[in-house]
Amino acid sequence: MNSPQLEVRSLCKSYDEGRIEALRGVSLSIAAGEYLTISGPSGSGKSTLLQLLGGLDIPTSGEVLFENAALGTAVGLDDYRAHQVGFVFQAFYLLPTLRAIENVQAPMLAVSENSNTRAQRAEALLLEMGLEHRLYQYPNELSAGERQRVAIARSLANHPSILLADEPTGNLDSVNSARIIEMLIGIQKKRGMTLIVVTHENEIANSAPRHIRIRDGLIDERFAS
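Residues numbered from 1 in each chain as written. Predicted model: local features only at pLDDT ≥ 70, side-chain atom pairs only at ≥ 80, totals over all residues. Heavy atoms only, no water.

> When you look at the sheet that holds strand 9 (residues 210–215) in this model, what are you seeing that I'm missing?
Strand pairing within a sheet occurs via backbone hydrogen bonds; the two strands may be parallel or antiparallel. With mixed pairing, six strands are arranged side by side in an open sheet as 6-7-8-3-9-10. The open sheet has two edge strands with one neighbour each: strand 6 (85–89) and strand 10 (218–219). Summarising the sheet, strand 9 and strand 10 pair through two bridges and their orientation is antiparallel. The partner of R215 across the bridge, within strand 10, is L218. (Pairing = 2+ DSSP bridges. Helix = DSSP H or I, 4+ residues; strand = E, 2+ residues; numbered from the N terminus.)

> Please clarify how the pattern of salt bridges should be interpreted in this entry.
Oppositely charged side chains can form a pair if their charged atoms are brought close together. Applying the stated rule across the entire model yields eleven salt bridges. The residue R9 makes a salt bridge to E63 at a minimum N-O spacing of 3.4 Å. Here R9 is found in strand 1 (residues 6–15), whereas its partner E63 is found in strand 4 (residues 61–66), with 54 residues between them in sequence. Using a relative accessible area of 30% as the deciding quantity, one classes E63 as partly exposed. Across the pair R215 and D220 runs a salt bridge, and its minimum N-O distance is 3.7 Å. (Salt bridge = Lys/Arg side-chain N within 4 Å of Asp/Glu carboxyl O. Buried < 20%, exposed > 50% of the residue type's maximum accessible area, 1.4 Å probe, protein only.)

Here's what the structure looks like:
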């Protein structure tokens, strides 16, 4: 059996000097190329888990392993985020003073690609997202659905092996929500990426071959599959 691409072992995360326990001993293995959804009530710890998987935060105790190497020690977090992980968030987080094509190029600066290469790749990704007529628009000139598609293009800028999406449809209507999820699944299949989506929507949660539910900082084994 192949080793998991991502593994968390006895993962705990607390805040406010331990008074708030976001995660209370989560263990989980995720295979390369897997599509997994994580759901749970507000405050359950699902977004905290995603942030730890993405190297955006460090655990209070326990560990996150990428290809059997511990994040933050054997694997540097900056390098991991720059080369292995793409992020998609509910709030888009596009830079308002940059055009769409410039927003997509922003993560590439960390890997020192030249300006022509960056521009060509950004344009290709935006075309893949169906935004060929929106390359030079600023975020405030785009619809919510278009902004999320720019954000998805940006998440793919550095050829990541893992795509993490935190409530990616939270600010979208039902039509755009369905389109974004369809797009993410298509990207995962086309590129063979690992896709992990945090959601509170049952339809999205059940769209994945594997769905886990977090409650009170623990995996709810009644809903693990």
